[in-house]
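Results of the structural survey
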Amino acid sequence: MQPLSILCRSLRDIDTYTTGFPLGTNQGQANIFRAVKRILPGPYTFILPATKELPKQCIKHGSSTRYAKRRQVGVRMPDDPICQAILQNLEEPLICTSVKYLAEDEWILDPVTIADIYEPLGLDFIVDGGARIADPSTVVDMTGSYPTIIRQGKGAKLDW
């Protein structure tokens, strides 16, 4: 199953579509929510358990009648002004992914190239914000006992 992330406009949206961030305990467990609140919006993707509020297009994966259900989802609150402007005008999150060439392990940064390659495959539209810098987000898995960095990206490594 391919990884899936959603772009959220607020912490409230993250709480709607996931079980949220660990709040910590009096027994010394860190308050992850407090740390996350200081760094968002920013260059992080957090993998969290999904709730039933996540739209069914995000939960079910596959084209057969037997769907694989997602039990977790990546969430982002980007600090990019174009993404923020789009999200502020929507009532639901956007599904997002990084865009690679079909046959290569290389990122596509030019919106015209993305449109040329993916329009024949069903891409409806693209927002042209110009060529982008390929700085992937830091991906942090929050589904285990402790936060685990899956991919170190633009976001600084934090001491949870």
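Below is a summary of the structure that appears in this document. Per chain, residues are indexed from 1 in the order of the written sequence. Owing to the predicted nature of the model, reporting of local features is limited to residues with pLDDT of at least 70; listing and counting of side-chain atom pairs is limited to 80 or more, with chain, interface and lining totals taken over all residues. The side-chain values count all of the structure's non-hydrogen atoms but skip hydrogen atoms and water molecules.

1. Points about unusual backbone geometry
Looking along the chain, the bond that leaves Leu 40 and enters Pro 41 is cis, with omega of 0°. Strands are runs of DSSP state E lasting at least 2 residues, helices are runs of H or I lasting at least 4, and numbering of each runs from the N terminus. Structurally, the position occupied by Pro 41 is in the loop between α2 (32-39) and β2 (44-49).

2. Comments concerning the sheet that holds strand β7 (residues 138-141)
The six strands lie next to each other as β6-β1-β5-β2-β7-β8, forming an open sheet whose pairing is mixed. The open sheet has two edge strands with one neighbour each: β6 (94-96) and β8 (148-151). Taken over all neighbouring pairs, the strand axes of this sheet differ in orientation by 35° on average, direction set aside. Where strand β1 (residues 5-7) meets strand β5 (residues 72-76), three bridges bridge the pair, whose relative direction is parallel. Residue pairing across strands places Leu 7 opposite Arg 76, the latter belonging to β5. When DSSP finds two or more bridges between a pair of strands, those strands are recorded as paired. Axis angles are defined between N-to-C directions and span 0 to 180 degrees, where every axis is a line fitted to C-alpha atoms and, for a helix, only to the segment in contact.

3. A look at α2
For α2, the complete set of buried residues consists of Ile 32, Ala 35, Val 36 and Ile 39. Buried residues in α2, looked at end-on, bunch into an arc of 95°, giving them a common side. When the buried face of α2 is taken as reference, the exposed residues oriented beyond 90 degrees from it are Arg 34, Lys 37 and Arg 38. Throughout, exposure labels follow a simple rule: accessible area from a 1.4 Å probe, protein chains only, divided by the maximum for the residue type, with under 20% read as buried, over 50% as exposed, and the rest as partly exposed. To obtain the arc, one takes the directions from the helix axis to the C-beta atoms.

4. Thoughts on the pattern of salt bridges
Each salt bridge in this description consists of a side-chain nitrogen of Lys or Arg and a carboxyl oxygen of Asp or Glu lying within 4 Å of one another. All told, the structure shown has one salt bridge when counted by the stated rule. Between Arg 9 and Asp 13 there is a salt bridge, and its shortest N-O distance comes to 3.1 Å. You can call Arg 9 partly exposed: its relative accessible area is 30%.

5. A few points about a nonpolar patch on the surface
What makes a patch is a set of residues exposed beyond 30% relative accessible area and free of salt bridges, joined within 9 Å when like-charged and within 5 Å when nonpolar (Val, Leu, Ile, Met, Phe, Trp, Tyr). All accessibility values rest on the Shrake-Rupley procedure with a 1.4 Å probe; residue burial counts only the protein chains present in the view. A surface patch of nonpolar side chains, amounting to about 290 Å² of accessible area, comprises Ile 82, Phe 125 and Val 127. Looking at where Ile 82 falls in the secondary structure, it is placed in helix α4 (residues 81-88).

6. A word on the pairing of β8
Of the pairings in the sheet, the one linking β7 to β8 comprises three bridges and is antiparallel in character. Bridge assignment links Val 140 to a residue of β8, and that residue is Ile 149. What sits between the antiparallel neighbours β7 and β8 is a turn of six residues.

7. A closer look at the nonpolar core
Ile 14, Phe 21, Phe 46, Val 75 and Met 142 are the most contacted members of the largest nonpolar core, which totals 20 residues. Among the secondary structure elements, those contributing two or more residues to this core are α1 (11-17), α2, β2 and β5. Every residue in contact with Phe 21, bar those within four places of it in the chain, is listed here: Leu 11, Ile 14, Ile 32, Phe 33, Val 36, Phe 46, Leu 48 and Met 142. What we call a nonpolar core is a set of buried Ala, Val, Leu, Ile, Met, Phe, Trp, Tyr and Cys residues that are connected through their side-chain atoms within 4.5 Å. Whether two residues are in contact is decided by their heavy atoms: any pair within 4.5 Å suffices.

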